[in-house]
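# Geometric and topological summary
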Amino acid sequence: MLENKPDPRPVNKSVEFDLLFRTLRKTLPDFLLFEAFYVLGFPQKEIAQKMGISQRTLRKKLKKVREELAQIFIEYSRLISKNKGY
């Protein structure tokens, strides 16, 4: 069973979040599109127009980023479980 133990290290969540997003922007080519739609809330039509792509192409790119993020989280989860003996 997973325990919810607080991390004893002081953490600034906004710094961690910023680092995560900077890393994802560098790692995933279309993460900025994902961020614009899912985080910042821009409409798909507006994003597609600004990027000079069709909405269909944008949807495909967003799907690919979601799939890549899912894979990253799966791999991270396996790594954490392995290191903690779960």
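Residues numbered from 1 in each chain as written. Predicted model: local features only at pLDDT ≥ 70, side-chain atom pairs only at ≥ 80, totals over all residues. Heavy atoms only, no water.

This paragraph deals with the confidence of the model for the chain. Summary statistics for the chain give a mean pLDDT of 88 and a share of 85% for residues scoring 70 or more. Averaged over each element, pLDDT in the chain is lowest for helix 1 (residues 13-27) (91) and highest for helix 3 (residues 44-51) (98). (pLDDT = per-residue confidence, 0-100. Helix = DSSP H or I, 4+ residues; strand = E, 2+ residues; numbered from the N terminus.)

Turning to the pattern of salt bridges, a few remarks are in order. Where charged atoms from two side chains of opposite charge come close, those side chains can pair. Evaluation of the coordinates by the stated rule reveals six salt bridges. A salt bridge links Arg22 to Asp18, with the shortest nitrogen-to-oxygen separation between them at 2.9 Å. One end of the pair, Arg22, and the other, Asp18, are both in helix 1, four residues apart, so they sit about a helical turn from each other. Owing to a relative accessible area of 41%, Arg22 belongs among the partly exposed residues under this scheme. On the basis of relative accessibility, which here comes to 36%, the residue Asp18 falls in the partly exposed class. Two residues, Glu67 and Lys63, come together in a salt bridge whose shortest N-O distance is 4.0 Å. (Salt bridge = Lys/Arg side-chain N within 4 Å of Asp/Glu carboxyl O. Buried < 20%, exposed > 50% of the residue type's maximum accessible area, 1.4 Å probe, protein only.)

Another aspect to go through is the side chain of Gln44. Residue placement: Gln44 occurs in helix 3. Overall, the relative accessible area of 17% leaves Gln44 in the buried class. Aside from chain neighbours lying at most four places away, what touches Gln44 is Phe37, Gln55, Leu58, Arg59 and Leu62. (Contact = heavy atoms within 4.5 Å.)

On to a nonpolar patch on the surface. A contiguous nonpolar surface patch, about 370 Å² in accessible area, is contributed by Tyr38, Val39, Leu40 and Phe42. Looking at Tyr38, the relative accessible area reads 39%, which means it is partly exposed. (Patch = residues over 30% accessible without salt bridge, like charges linked within 9 Å, V, L, I, M, F, W, Y side chains within 5 Å. Areas by Shrake-Rupley, 256 points an atom, 1.4 Å probe, with all protein chains shown as cover.)

Viewed as axis vectors pointing N to C, helix 2 (residues 31-39) and helix 4 (residues 55-84) meet at an angle of 100 degrees, and their least axial separation amounts to 9 Å. Compared by their axis directions, helix 2 and helix 4 come out roughly perpendicular. Each of Phe31, Leu33, Phe34, Phe37 and Tyr38 in helix 2 lies in contact with helix 4, whose residues at this interface are Leu58, Lys61, Leu62, Val65, Arg66 and Leu69. Of the residues assigned to the contact of helix 2 with helix 4, the class counts are nine nonpolar, no polar and two charged. (Axes fitted to C-alpha atoms, helices over the stretch in contact; angles between N-to-C directions. Parallel < 35°, antiparallel > 145°, perpendicular 65-115°, else oblique. Nonpolar A, V, L, I, M, F, W, Y, C, P; charged D, E, K, R; others polar.)

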